[in-house]
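# Descriptive structure summary
So the chains spell out like this:
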Amino acid sequence: MPWVSTPHERPARFDVGVVGAGRVGSVLGAALARAGHVVTGVSAVSEESLERAAALLPGVPVKAIPEVVSGAHLVVLAVPDDALADLVAGLSATGTFTPGQLVMHTSGAHGISVFEAAVDSDIVPLALHPAMTFTGTELDLDRLHDCCFGVTTTDLARPLGEALVIELGGDPVWISEEDRVTYHAALAHGSNHLVTLVAQSMQLLGEAGVDDPARVLEPLLTAALSNTLQRGDAALTGPVARGDAGTVAGHVAMLRKVAPDIRPTYLALARATAQRALLSGRLRASDAGPLLELLAHEEDQP
């Protein structure tokens with residue numbers, strides 16, 4: 001099997017099998033093809049995945065999973081987190097893997113311990129997770145150029161894993177096996193919960209009669225995100241960071257009437273914000289006391 005010694009060398013051209021034509025697998029397959037690798041097969045079952053495969057991997061034959069894996073130099077396992085271990089175990093038990101085969105998964109939650117069932121298959125395990133949300137369209141191919149990939153593998157395979165990420169257009173970030181769950185939780189907390197937060201803010205603006213909530217929020221949220229990425233907790237502003245308990249009480253009372261589904265989120269985030277503001281010195285202890293008492297009292301209310 002061809003190899004590389006540094007992350008800056010160009011990997012040899014691989015025959016690639018893509019297991020799972022979801023939003024991630026189809027895009028990474030297309031990115032590998034664009035880098036000069038040959039995608040020899042893709043697995044797809046649902047109508048949506050078949051359409052994605054046809055759009056992003058034109059001419060690539062759709063095959064059963066064992067046929068996709070068999071004979072490929074590089075196998076991309078782009079399946080849901082909870083399905084990964086069973087898939088690896090099944091492919092190993094049936095002798096589908098071949099010695100020296102590069103087997104890459106795209107799960108953020110797993111490192112290479114998920115390949116434990118395949119240890120006797122003598123594969124080269126790679127965990128390469130793109131830290132990006134995918135649409136499953138050509139738009140994602142350009143977005144990969146601004147994307148970091150969490151890389152976890154053996155020390156010997158690290159240069160190859162990092163080189164593959166660079167070929168995909170991304171930026172490799174090393175994540176140790178024991179830190180993989182922490183890494184994934186950070187990304188899920190920041191991105192998934194941001195969607196919930198912004199959607200709730202848009203809901204409230206709609207309740208206030210704003211016709212285009214996104215237009216109102218976009219400049220504010222863009223500035224807040226930029227400031228936070230540059231300054232961390234020092235970017236905090238607003239009534240909680242100032243200790244304005246009266247303003248916060250007004251918000252909570254309104255939420256109880258207008259949007260009770262949002263109230264628990266507001267209270268939890270207000271408490272977390274107050275604690276971070278206090279610890280970072282943005283909020284004085286004398287101002288924090290009444291605010292935290294208010295939040296504790298409200299959290300105890302049904």
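Here's what I pulled together on the structure shown here. In this text the structure is predicted, and so the values were computed from the model without any measurement.

### What to know about the overall build of the chain
Secondary structure assignment for the chain yields 12 helices and seven strands. Per-residue burial for the chain yields a buried fraction of 40% across its 302 residues. Total accessible area on the chain is roughly 15500 Å²; 57% of this is exposed by carbon and sulfur atoms. Side-chain charges in the chain split into 19 positive and 35 negative, and the spacing between the mean points of these groups amounts to 9 Å.

### Describing the pattern of salt bridges
In the structure shown here, the tally under the stated rule is nine salt bridges. Across the salt bridge formed by Arg158 and Glu162, the nearest N and O atoms sit 2.9 Å from each other. Linking Arg158 with Glu162, this pair stays in helix 6 (residues 158-167), spanning four residues, or about one helical turn. By relative accessible area, Glu162 is classed as buried at 11%. With a closest N to O distance of 2.9 Å, Arg284 and Asp287 form a salt bridge. When its relative accessible area of 57% is taken as the criterion, Arg284 is described as exposed.

### Things to note about the pairing of strand 2 (residues 38-43)
Here five bridges tie strand 1 (residues 15-19) to strand 2, and the two strands are oriented parallel to one another. Counterpart to Val18 in the pairing with strand 2 is Val42. Chirality of the crossover, the property in question, places the unit of strand 1, helix 1 (residues 23-34) and strand 2 among those that are right-handed.

### Regarding the state of the cysteines
Disulfides are covalent bonds that connect the sulfur atoms of two cysteines. Following the criterion strictly, the structure yields zero disulfides and no others. Left without a disulfide partner, Cys147 is nearest to the cysteine sulfur of Cys148, which lies 6.7 Å away. Judged by its relative accessible area of 2%, Cys147 falls in the buried class.

### Observations concerning helix 2 (residues 47-56)
Helical periodicity: at 3.6 residues per turn, an α-helix aligns residues three or four positions apart in one direction. Turning to helix 2, its buried residues are Ser49, Arg52, Ala53 and Leu56. Along the axis of helix 2, the buried residues cluster in a sector spanning 100°; they form a single face. Turned more than 90 degrees from where helix 2 packs its buried face, Glu47, Ala54 and Ala55 sit exposed. Contacts made by the buried residues of helix 2 are with helix 1 and strand 2.

What counts as what
- Residues numbered from 1 in each chain as written.
- Predicted model: local features only at pLDDT ≥ 70, side-chain atom pairs only at ≥ 80, totals over all residues.
- Heavy atoms only, no water.
- Helix = DSSP H or I, 4+ residues; strand = E, 2+ residues; numbered from the N terminus.
- Buried < 20%, exposed > 50% of the residue type's maximum accessible area, 1.4 Å probe, protein only.
- Areas by Shrake-Rupley, 256 points an atom, 1.4 Å probe, with all protein chains shown as cover.
- Lys, Arg positive; Asp, Glu negative; His and termini not counted.
- Charge placed at Lys NZ, Arg CZ, Asp CG, Glu CD.
- Salt bridge = Lys/Arg side-chain N within 4 Å of Asp/Glu carboxyl O.
- Pairing = 2+ DSSP bridges.
- Right-handed = clockwise from strand over helix to strand, strands pointing away.
- Disulfide = S-S within 2.5 Å.
- Arc of directions from axis to C-beta.
- Contact = heavy atoms within 4.5 Å.

Function cannot be inferred from these measures alone, as they are strictly geometric.
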